[in-house]
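One-letter residues, chain by chain:
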Amino acid sequence: MKIILQTDAIKLILETVNNVEGVLKGDKKSAITIHELSTNTININIQFWIDTFKSTKRSVHNTIRSQVMNDVIDALTANGYSLPANIVELKNYDLSNKINFKKE
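Residues numbered from 1 in each chain as written. Predicted model: local features only at pLDDT ≥ 70, side-chain atom pairs only at ≥ 80, totals over all residues. Heavy atoms only, no water.

**Quick look at the packing of aromatic side chains**
All told, the structure shown has zero aromatic pairs when counted by the stated rule. Between the NZ or CZ atom of K28 and the centre of the ring of W49, over which it lies, the distance is 4.4 Å. (Phe/Tyr/Trp six-rings, centres within 6.5 Å; stacked < 30°, edge-to-face > 60°. Lys NZ or Arg CZ within 6 Å of the ring centre and 35° of its normal.)

What follows is the structure in structure tokens.
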């Protein structure tokens, strides 16, 4: 089975990452790979380069990383992609003890 990574979502993520100030372009290209196919999600790994000679401060590196994550989330949700949420499954094996749920 061959997995093709050039989907619209992957293209959107790559474009978004490459537009973040501090992310290197050119020879140091960003890369996205599928990390895991889990039950309800496809988990991806986003890799990008930053210039650690320009700034050696870890706080600057973390700021760029945070900006990448924020921008990717914003771009995906703005383009109609939903992000995974935790799914909780409740099972009641004792049918004599019914559970009542309220939707809020």
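So much for the structure itself; the text now carries on.
**Examining helix α1 (residues 8-18)**
Taken together, the buried positions of α1 are A9, I10, L12, I13, T16 and V17. Each buried residue of α1 lies within a common arc of 160° when the element is viewed along its axis, so the set occupies one face. Those residues of α1 that are exposed and angled more than 90 degrees off the buried face are D8 and E15. Turning to α1, the residues buried within the fold contact β1 (31-37), β2 (42-47) and α2 (58-78). (Buried < 20%, exposed > 50% of the residue type's maximum accessible area, 1.4 Å probe, protein only. Helix = DSSP H or I, 4+ residues; strand = E, 2+ residues; numbered from the N terminus. Arc of directions from axis to C-beta. Contact = heavy atoms within 4.5 Å.)

**A closer look at the environment of V68**
Inspection of the secondary structure assignment puts V68 in helix α2. Distance in space between the C-alpha atoms of V68 and V20 is 6.3 Å, their sequence separation being 48 residues. Once you skip the residues sitting within four places of it in the chain, V68 turns out to touch V17, V20, V23 and F48.

**Examining the pairing of β2**
The sheet contact formed by β1 and β2 spans six bridges and is antiparallel. Bridge pairing links L37 to I42 in β2. A loop of four residues connects β1 with β2, the two strands running antiparallel in sequence. (Pairing = 2+ DSSP bridges.)

**Regarding the nonpolar core**
Counting residues in hydrophobic clusters, the biggest one holds 14 residues, and the most contacted among them are I13, V17, V23, V68, V72 and L76. Broken down by secondary-structure element, the contributors of at least two residues to this core are α1 and α2. (Core = buried A, V, L, I, M, F, W, Y, C linked by side-chain atoms within 4.5 Å.)

**Describing a nonpolar patch on the surface**
Together, V88, L90, I99 and F101 line one region of the surface with nonpolar side chains, adding up to about 470 Å² of accessible area. Tracing the backbone through its elements, the reader meets L90 in the segment after α2. The exposed category is assigned to L90, whose relative accessible area is 59%. (Patch = residues over 30% accessible without salt bridge, like charges linked within 9 Å, V, L, I, M, F, W, Y side chains within 5 Å. Areas by Shrake-Rupley, 256 points an atom, 1.4 Å probe, with all protein chains shown as cover. Salt bridge = Lys/Arg side-chain N within 4 Å of Asp/Glu carboxyl O.)

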